[in-house]
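Commentary on secondary and tertiary structure
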Amino acid sequence: MIRFSTAATWRRSLPVPTWDRADLGPYGSYASAYVHGNPLTQVVAPFANVIRGYQRYVWLPGTVYGLILLAGLGGMVLAWRRLGGEALLPWTISFALIVIPAATATFDYRYVLVAVPFACLAAAMAFSPGTAGGALARRLTERLAGRRQRTAGAVEVAPVADKAAASAGGAGHDKRDLTADGP
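Structure report, in brief. (Residues numbered from 1 in each chain as written. Predicted model: local features only at pLDDT ≥ 70, side-chain atom pairs only at ≥ 80, totals over all residues. Heavy atoms only, no water.)

1. What about the nonpolar core?
Applied cut-off: In these notes, a set of buried Ala, Val, Leu, Ile, Met, Phe, Trp, Tyr and Cys residues joined through side-chain atoms within 4.5 Å is what counts as a nonpolar core. Throughout this description, buried means an accessible area under 20% of the type-specific maximum (1.4 Å probe, protein chains only), exposed means over 50%, and partly exposed covers the range between. Helix and strand labels come from DSSP, where a helix needs a run of H or I of at least four residues and a strand needs a run of E of at least two; each type is numbered from the N terminus. Contacts are assigned to residue pairs that have any heavy atoms within 4.5 Å of one another.
Counting residues in hydrophobic clusters, the biggest one holds 14 residues, and the most contacted among them are Y65, L69, A87, W91, I98 and A119. When contributions to this core are tallied by element, the ones reaching two or more residues are α3 (62-78), α4 (88-104) and α5 (109-126). The element contributing the most residues to this core is α5, with seven residues. Sequence-distant contacts of A119, defined by excluding residues within four places in its chain, comprise Y65, I68, L69 and S94.

This is the structure:
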């Protein structure tokens, strides 16, 4: 692990390590032979400062990414009759972008950067209105709202149905959620 004592060391490129030195004709290291020139990176001050500041304060922990994946998977499990619904494709892409490189080579954070938007999209699609996850989320919020009303001392009153529907024996407009994959 490389540690830097001052911020000034970030303003210049890291030197080529001594183990990379080689006598390869016009090139003094394997890195310079690979790029056919100077292997050192160039730090461009205004852009590097913005990126450095962004990296210092903005990041996504791996556990949060895992929770996002689990949320998408949970919403797709509710839609098991439709094989996960529309959220299956972005969730599978996100999962594959993490698992395949880790299984074939090694884990690298550059794949997480691309996988996070797909996982967020899958979680949003799994719990959007009109899906089984959305119906579950709506029922949970209704239950929580009902508990808040009861704890506040309010009396819960059942809504009065349409008078014509009541006189016809309940044959009026039905507001029940009858989605195919809902509980």
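Next, the rest of the story.
2. Some words on a nonpolar patch on the surface
Note the following rule: Patch definition: residues above 30% relative accessible area lacking any salt bridge, with like charges linked at up to 9 Å and the nonpolar side chains Val, Leu, Ile, Met, Phe, Trp and Tyr linked at up to 5 Å. Each accessible area is a Shrake-Rupley result for a 1.4 Å probe, and residues are judged covered by the shown protein chains and nothing else. In what follows, salt bridge is the name for a side-chain nitrogen of Lys or Arg lying within 4 Å of a carboxyl oxygen of Asp or Glu.
A cluster of nonpolar side chains, contributed by L67, L70, L73 and V77, occupies part of the molecular surface with about 380 Å² of accessible area. With respect to the helices, strands and loops of the structure, L70 is situated in helix α3. Accessibility expressed as a relative area gives 54% for L70, which makes it exposed.

3. Digging into unusual backbone geometry
Phi is positive for H36, which is not a glycine, with a value near 55 degrees. Along the chain, H36 turns up in the loop between α1 (30-35) and α2 (45-57). With a relative accessible area of 61%, H36 lands in the exposed category.

4. Structural notes on the pairing of strand β1 (residues 21-24)
Here is the rule: Note on pairing: DSSP must find at least two bridges between two strands before they are called paired.
Across two bridges, the pairing between β1 and strand β2 (residues 27-29) is antiparallel. Residue pairing in the sheet places L24 in a bridge with Y27 of β2. Linking two consecutive strands that pair antiparallel, namely β1 and β2, is a turn of two residues; a positive phi of about 75 degrees is found at G25 within it.

5. Some details on α3
Where we set the bar: Any helix carries an expected span of 1.5 Å times its number of residues minus one. Working definition: the arc comes from the directions between the helix axis and the C-beta atoms, pointing outward to the latter.
Counted at 1.5 Å a residue, the expected span for α3 with its 17 residues is 24 Å, and the 25 Å between its end C-alpha atoms agrees. Along α3, the residues that are buried comprise Y65, I68, L69, G72, G75 and M76. Down the axis, α3 shows its buried residues gathered within 125 degrees of arc, on one side only. Across from the buried face of α3, at angles greater than 90 degrees, the exposed residues are T63, L67, L70 and V77.

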